[in-house]
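Tertiary structure, described
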Amino acid sequence: MRHDEERPRTSGFLADGTVPGHWTQVLGAMRANPFTHLALDEVRTEAAHHLIVVPSPEVARACFGEMFDTFGDSIEVITVEELVPDRVPVGTWVFLPHRQDGWTDLEDASAKLRAALVKENSSREAGDKLVLMEYGINLWMWAEPPSSGGDPVCHAGELISWESAWALGASSAGGSDGSDAGASADGAKPSPPAASARPPIYFGLPPILRKRRWDS
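In this text the structure is predicted, and so the values were computed from the model without any measurement.

Read from one edge to the other, the open sheet built from seven strands follows the order β2-β9-β10-β6-β5-β3-β4, with strand pairing classed as mixed. Every other strand in the sheet has two partners, leaving β2 (37-38) and β4 (75-78) as the edge strands with one partner each. Pairing between β2 and strand β9 (residues 165-168): two bridges, direction parallel. The residue bridging Leu38 from the neighbouring strand is Leu168, located in β9. Helix α5 (residues 104-122) rests against β3 (49-53), β5 (92-97) and β6 (131-135) of the sheet, and its axis sits at about 155 degrees to β5.

Here we take up the pairing of β6. Along β6, five of the five residues are buried, which leaves the element largely enclosed by surrounding structure. Residue alternation in β6 divides its side chains into two sets, Val131, Met133 and Tyr135 and Leu132 and Glu134, and both sets are buried. Where β5 meets β6, five bridges bridge the pair, whose relative direction is parallel. Bridge pairing in β6 places Pro97 opposite Tyr135. Sheet analysis places β6 next to strand β10 (residues 201-203), joined by two bridges and oriented antiparallel. Pairing of Tyr135 across the sheet is with Tyr202, part of β10.

Let us look at the nonpolar core. Counting 42 residues, the largest nonpolar core has Phe95 and Trp166 as its most contacted members. When neighbours within four sequence positions are excluded, Phe95 is seen to be in contact with Leu51, Ile52, Val53, Phe64, Met67, Met133, Tyr135, Trp166 and Tyr202. Of all hydrophobic cores here, the second largest spans 13 residues; its members include Leu27, Trp162, Ala165 and Ile201.

In a structure, side chains of opposite charge can pair up when their charged atoms sit close to one another. A complete count under the given rule lists seven salt bridges for this structure. The closest approach of N and O atoms between Glu107 and Arg9, which form a salt bridge, is 3.1 Å. Placement of the pair is Glu107 in helix α5 and Arg9 in the loop between β1 (2-3) and α1 (22-31), with a sequence separation of 98 residues. Of the residues examined, Arg9 reaches a relative accessible area of 43% and is grouped as partly exposed. Here Arg44 makes a salt bridge to Asp41, at a shortest N to O gap of 3.8 Å. On the criterion of helical spacing, the pair formed by Arg44 and Asp41 is a turn pair, its members being three residues apart in helix α2 (residues 40-46). Salt bridges here are not isolated pairs; linked through shared partners, they connect Arg99, Arg114 and Glu134.

Right, let's talk about the packing of aromatic side chains for a bit. In total, this model carries eight aromatic pairs according to the counting rule given. Taken together, a centroid distance of 5.9 Å and an interplanar angle of 20 degrees make the contact between Phe64 and Tyr202 stacked. Separated by 138 residues along the polypeptide, Phe64 in the loop between α3 (57-63) and α4 (65-71) and Tyr202 in strand β10 bring together distant segments of the chain. The pair formed by Phe64 and Tyr202 is uniform in burial state, with each residue classed as buried. Considering the side-chain rings of Trp140 and Phe203, the 6.4 Å spacing of their centres and the 15 degrees angle between planes classify their relative orientation as stacked. Taken together, the residues Trp140 in the loop between β6 and β7 (153-155) and Phe203 in strand β10 connect sequence positions 63 residues apart. In this structure Trp140 comes out as buried when scored by relative accessible area, which is 0%. Take Phe203: its relative accessible area is 6%, and that puts it in the buried class.

So, how was this worked out
- Residues numbered from 1 in each chain as written.
- Predicted model: local features only at pLDDT ≥ 70, side-chain atom pairs only at ≥ 80, totals over all residues.
- Heavy atoms only, no water.
- Pairing = 2+ DSSP bridges.
- Helix = DSSP H or I, 4+ residues; strand = E, 2+ residues; numbered from the N terminus.
- Contact = heavy atoms within 4.5 Å.
- Axes fitted to C-alpha atoms, helices over the stretch in contact; angles between N-to-C directions.
- Buried < 20%, exposed > 50% of the residue type's maximum accessible area, 1.4 Å probe, protein only.
- Core = buried A, V, L, I, M, F, W, Y, C linked by side-chain atoms within 4.5 Å.
- Salt bridge = Lys/Arg side-chain N within 4 Å of Asp/Glu carboxyl O.
- Phe/Tyr/Trp six-rings, centres within 6.5 Å; stacked < 30°, edge-to-face > 60°.

Right under this line is the structure:
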């Protein structure tokens, strides 16, 4: 694994970086495993709402193409500063930027936001809770896949565990990296591309996958 001081640091989205080829194999293996794979229809059924927290429409397009293509206007996209934990509806799947992604300012903001959401969840009844997950923005440019030793980073004593990682099923549209998708002039929700340009791997098991593993 990599320790915190070994990981590259940046102040923005590595938009021009080429995703290393080995992530294609990592993603394929995850999609072939029922314990690390959810079909888009399963996500539609299980999640009451979808809330994606992003620093910019550019990041949303790159990381969530499949979800935009499938769910369209049912996904809410907001910035880190806009999210108010006690206003998030019951049963929402909240996707946060990864706290150990390499984007320094965003890591700090996401860590504080996640702490606020965890606190909010602790005050809710069992049936009213939120599902919290994280996604990598720049992570794929430097992280080590499971085949190279497991967890890609050790940060402040906390591991990013591949045991909590999962992937969406392939988009039925396919074929596009979403690079031609546009956003409104005021920075609103991006137009839905046909596929994600970044490997859509998430950290934090949703209840359906947790139960599937327990039942096995």
